[in-house]
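Structure at a glance
Listed here are the chains, written in short residue letters.
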Amino acid sequence: MVFRGSYHPTLAQAVVRMKYYSHRDLKEMQRIARLLSDEQVLRRPWSPKYSELWKRWLDTKGPDVVIVF
């Protein structure tokens, strides 16, 4: 996940945060991450494009279904 400015989680914090996302969320993160390579993204000035993609996904995905046996 890309954060604007100096607000970047450490690797340990990122591992903990990833546990709170569903499988569908993780798949969408991977899809967004594959749109451009890291070199292409980091070479440009920061843009809210990918942040907006993620926020739109969260707003439109609907509830997660949990099946407990």
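Because the structure is a prediction, the values reported are computed rather than measured. Note that residues are indexed from 1 along each chain, following the sequence as it is written. Under the rules for a predicted model, residues below a pLDDT of 70 receive no local features and side-chain atom pairs below 80 are neither given nor counted, while totals for whole chains, interfaces and linings still include all residues. Excluding hydrogens and water, the side-chain values take into account all heavy atoms of the structure.

Inside soluble globular proteins, nonpolar side chains tend to come together where they are buried. Residues belong to a common nonpolar core when they are buried Ala, Val, Leu, Ile, Met, Phe, Trp, Tyr or Cys residues joined through side-chain atoms within 4.5 Å. Buried residues are those whose accessible area, probed at 1.4 Å on protein chains only, stays under 20% of the maximum for their type, while exposed residues exceed 50% and partly exposed ones sit between those limits. Formed by M29, I32, Y50, L53, W54 and W57, the largest nonpolar core amounts to 6 residues. Working definition: helices are DSSP H or I runs of at least four residues, strands are E runs of at least two. Numbering for both runs from the N terminus. If you list the elements that add at least two residues to this core, you get α2 (23-33) and α4 (49-60). Here this core takes 4 residues from α4, the largest share from any one element. Residues are treated as being in contact if the distance between any of their heavy atoms lies within 4.5 Å. If we ignore the near neighbours within four places in the chain, the residues touching Y50 are I32, L35 and L36.

On to the side chain of E28, then. Tracing the sequence through the fold places E28 in helix α2. In contact with E28, not counting residues within four places along its chain, are W54 and W57.

Further remarks concern α4. An expected span of 1.5 Å times one less than the residue number is assigned to each helix. Taking 1.5 Å per residue as the helical rise, α4 with its 12 residues ought to reach 16 Å, and the 17 Å between its terminal C-alpha atoms agrees with that figure. When α4 is considered as a whole, its buried residues turn out to be Y50, L53, W54 and W57. Buried residues along α4 cover an arc of 95° about the axis, so they all sit on one side. Turned more than 90 degrees from where α4 packs its buried face, K55, D59 and T60 sit exposed. In this structure, the buried side of α4 is in contact with α2. Note on α4: the residue one or two positions beyond its end, G62, has a positive phi of about 85°. Taken from the helix axis, the directions to the C-beta atoms give the arc we talk about.

Another aspect to go through is a nonpolar patch on the surface. Only residues whose relative accessible area exceeds 30% and that take part in no salt bridge are eligible for patches, with like-charged residues grouped when within 9 Å of each other and nonpolar side chains (Val, Leu, Ile, Met, Phe, Trp, Tyr) grouped when within 5 Å. Each accessible area value is a Shrake-Rupley result obtained with a 1.4 Å probe; residue values ignore everything except the protein chains displayed when judging cover. The rule for a salt bridge is simple: a side-chain nitrogen of Lys or Arg has to be within 4 Å of a carboxyl oxygen of Asp or Glu. The grouping of V65, I67 and F69 at the surface amounts to a nonpolar patch, some 480 Å² of accessible area in total. Mapped onto the elements, F69 comes out in the segment after α4. Residue classification places F69 among the exposed residues on the basis of a relative accessible area of 95%.

Our focus in this paragraph is the confidence of the model for the protein. Here the protein shows a mean pLDDT of 79. Residues at 70 or above account for 84%. Within the protein, the lowest mean pLDDT, 70, falls on helix α3 (residues 38-43), and the highest, 87, falls on α2. Across the chain, each position has a pLDDT score giving the predictor's confidence in that residue, from 0 to 100.

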